[in-house]
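Structural overview for review
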Amino acid sequence: MKVLGIETSCDETGIAIYDTDEGLLAHELYSQVKLHADYGGVVPELASRDHVRKIVPLIKRTMSSAGLSSNDIDGVAFTRGPGLVGALLVGSSVGRSLAYAWGVPAVGVHHMEGHLLAPMLDDNPPPFPFIALLVSGGHSMIVDVQGIGRYEVLGESLDDAAGEAFDKTAKLLGLDYPGGPLLAKLADKGEAGHYKFPRPMTDRPGLDMSFSGLKTFAANTIRDCDGSEQTKANIAYAFQDAVVSTLMIKCQRALKQTNQKRLVIAGGVSANQQLRTTLQDLKRRKGIEVYYPALQYCTDNGAMIAFAGAQRLLAGESVGLDTKAMPRWPLDSLKAV
């Protein structure tokens, strides 16, 4: 099957075409970062309107890049949720309309399943089963993955997700939007030993996470500091170290609890270099197999939606024109393939 994938869950319009025999044929991505920068965060109404402007030209460009026409497409996959409801409605409406016009099936994809399966786009994909750490701006969760659709959420963030905490702390440090990558860059200039941040919820059993208190600790530290660039870099270093350490502690617990030796990291925060360096150390010390997506597939993108949708279309799944967007959608409610 050749599947057109459409991603519009938040502030990036992603389009891709995935062939179940030949792999990814083409993909395009438009980011709204500049649009939202003046506001310090995503404005839902502006995001929805920009998706409306960009989605059709991006689809045409992707089809042209792949050298395909509508007659070559066997199915359409779109992000059904979770996400901003207005943004989801744009991709859902266009995706279902195209499928109807072209006479092919459409399927709504869970955004986090797309992230979870993104490493499958690699030449060396992880075999099932594995433990997945999904870390993005809106979600942080640890999932026991036995197969496509066979997910058990072992733990998740009770408040701010890891990526959200990165962005909010970056804003407290006076960094531009989106702040997460800029905080990580600033942390490279920081020095260890100046600040010690807490590792939230690591002193109690379980795999749930919490990063809101860590953000508050950072706010208090920033308020009382001298404001120099080196001090800010040291705070960024300590904050990032605390987040990465917390995630690794939780991952090791999950691996031990499930007796698994395979770990997948996905989502926007999986692009963080400190996290990847720590993962390599874990791999060396514990003999764990570690997988993560290529950098271009860490953040929201159409390729992961096209791939995940293709698996479900192959299994015979499809949706009708009356399908509703799902701004809230539990991952472990999905059907197994």
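Coordinates for the structure precede this section.
Below: a short report on this structure. (Residues numbered from 1 in each chain as written. Predicted model: local features only at pLDDT ≥ 70, side-chain atom pairs only at ≥ 80, totals over all residues. Heavy atoms only, no water.)

1. Description of helix α8 (residues 229–258)
- The end-to-end C-alpha distance of α8, which contains 30 residues, comes to 44 Å, matching closely the 44 Å that a straight helix rising 1.5 Å per residue would cover.
- Looking one or two places after α8, you find Asn-259, whose phi comes out positive at around 60 degrees. (Helix = DSSP H or I, 4+ residues; strand = E, 2+ residues; numbered from the N terminus. Expected span 1.5 Å × (residues − 1).)

2. Thoughts on the nonpolar core
- If you look at the biggest cluster of nonpolar residues, it comprises 42 residues, and the most contacted ones within it are Phe-239 and Leu-263.
- If you list the elements that add at least two residues to this core, you get β6 (130–135), α5 (162–172), α6 (179–187), α7 (212–223), α8, β9 (262–266) and α9 (273–286).
- Looking at this core element by element, the count peaks at 13 residues for α8.
- When residues no more than four places from it in sequence are discounted, the contact partners of Phe-239 are Ala-165, Phe-166, Thr-169, Leu-183, Phe-197, Leu-214 and Ala-218.
- Judged by nonpolar contacts, the second largest core, of 35 residues, contains Tyr-18, Ala-77, Ala-118 and Ile-305. (Core = buried A, V, L, I, M, F, W, Y, C linked by side-chain atoms within 4.5 Å. Buried < 20%, exposed > 50% of the residue type's maximum accessible area, 1.4 Å probe, protein only. Contact = heavy atoms within 4.5 Å.)

3. Thoughts on the packing of α8 against α9
- The contact between α8 and α9 brings their axes to 10 Å, and the two run at 35 degrees. By crossing handedness, the relation of α8 to α9 is classed as right-handed. Residues Gln-240, Val-244, Met-248 and Gln-252 of α8 form the contact with α9, whose own contacting residues are Gln-274, Leu-275, Thr-278, Leu-279, Leu-282, Arg-285 and Lys-286.
- Here the residues of the contact of α8 with α9 sort into five nonpolar, four polar and two charged. (Axes fitted to C-alpha atoms, helices over the stretch in contact; angles between N-to-C directions. Left-handed = near helix turned anticlockwise from the far one by under 90°. Nonpolar A, V, L, I, M, F, W, Y, C, P; charged D, E, K, R; others polar.)

4. Comments concerning the pairing of strand β8 (residues 150–156)
- The pairing of strand β7 (residues 140–147) with β8 spans six bridges and is classified as antiparallel. Directly across from Asp-144, in β8, lies its bridge partner Glu-152.
- Joining the antiparallel neighbours β7 and β8 is a turn of two residues, in which Gly-149 adopts a positive phi near 85 degrees. (Pairing = 2+ DSSP bridges.)

5. Description of the sheet that holds strand β10 (residues 289–291)
- Judged by pairing direction, the sheet is mixed, and its five strands sit side by side in the order β8-β7-β6-β9-β10 without closing on themselves. Both edges of this open sheet fall to β8 and β10, since each of them pairs with a single strand only. Along the sheet, successive strands turn relative to each other by an average axial angle of 25 degrees, direction set aside.
- When β9 meets β10, the two strands line up parallel, connected through three bridges. Across the sheet, the residue bridging to Leu-263 is Val-290, located in β10.
- Running at roughly 180 degrees to β9, α9 makes contact with β9 and β10 of the sheet.

6. Considerations on the packing of α6 against α8
- At a closest axis distance of 7 Å, the pairing of α6 and α8 adopts a crossing angle of 110 degrees. As far as their axial angle goes, α8 and α6 are roughly perpendicular. In this structure, α6 meets α8 at a crossing whose hand is left-handed. Note on element contacts: α8 touches α6 through Lys-232, Ala-233, Ala-236, Tyr-237, Phe-239 and Gln-240, opposite Leu-183, Ala-184, Leu-186 and Ala-187. (Parallel < 35°, antiparallel > 145°, perpendicular 65-115°, else oblique.)

7. Here's the deal with the sheet that holds strand β5 (residues 106–110)
- Ordered by their spatial adjacency, five strands build an open sheet running β3-β2-β1-β4-β5, and the pairing between neighbours is mixed. The two strands at the open ends of the sheet, each matched to only one other strand, are β3 (23–31) and β5. This sheet shows a mean twist of 20 degrees between the axes of neighbouring strands, independent of strand direction.
- Two elements, strand β1 (residues 2–7) and strand β4 (residues 75–81), share four bridges in a ladder whose sense is parallel. Residue pairing in the sheet places Val-3 in a bridge with Gly-75 of β4.
- In this fold helix α3 (residues 85–102) packs onto β1, β4 and β5, with an angle of close to 160 degrees to the strand it touches most, β4.
- Strands in contact with helix α10 (residues 302–314) are β1, β2 (12–19), β3, β4 and β5; relative to β2, the strand with the most contacts, it is inclined by about 45 degrees.

8. Description of α10
- When the terminal C-alpha atoms of α10 are compared, their 18 Å separation across 13 residues agrees well with the 18 Å that a helix rising 1.5 Å per residue should span.
- Most of α10 sits out of view: twelve of its 13 residues are buried.
- Along α10, the residues classified as buried are Gly-302, Ala-303, Met-304, Ile-305, Ala-306, Phe-307, Ala-308, Gly-309, Ala-310, Gln-311, Arg-312 and Leu-313.
- On the buried face of α10, the contacting elements are β1, β2, β3, β4, β5 and α4 (111–117).
- In this structure Asn-301 caps α10, since a side-chain oxygen of it lies 3.1 Å from the backbone nitrogen of Ala-303. (Polar contact = N/O pair within 3.5 Å; in protein donor to acceptor, adjacent residues only side chain to side chain.)

9. Details of unusual backbone geometry
- At the junction of Gly-81 and Pro-82, the peptide bond is cis and its omega measures out at -15 degrees in the coordinates.
- Looking at where Pro-82 falls in the secondary structure, it is placed in the loop between β4 and α3.
- Pro-129 follows Phe-128 through a cis peptide bond whose omega is -5 degrees.
- Position of Pro-129 among the secondary structure elements: in the loop between α4 and β6.
- Even without being glycine, Met-201 reaches a positive phi, approximately 60 degrees.
- Not every positive phi belongs to a glycine, and Asn-259 is a case in point at roughly 60 degrees.
- By the element assignment, Asn-259 lies in the loop between α8 and β9.

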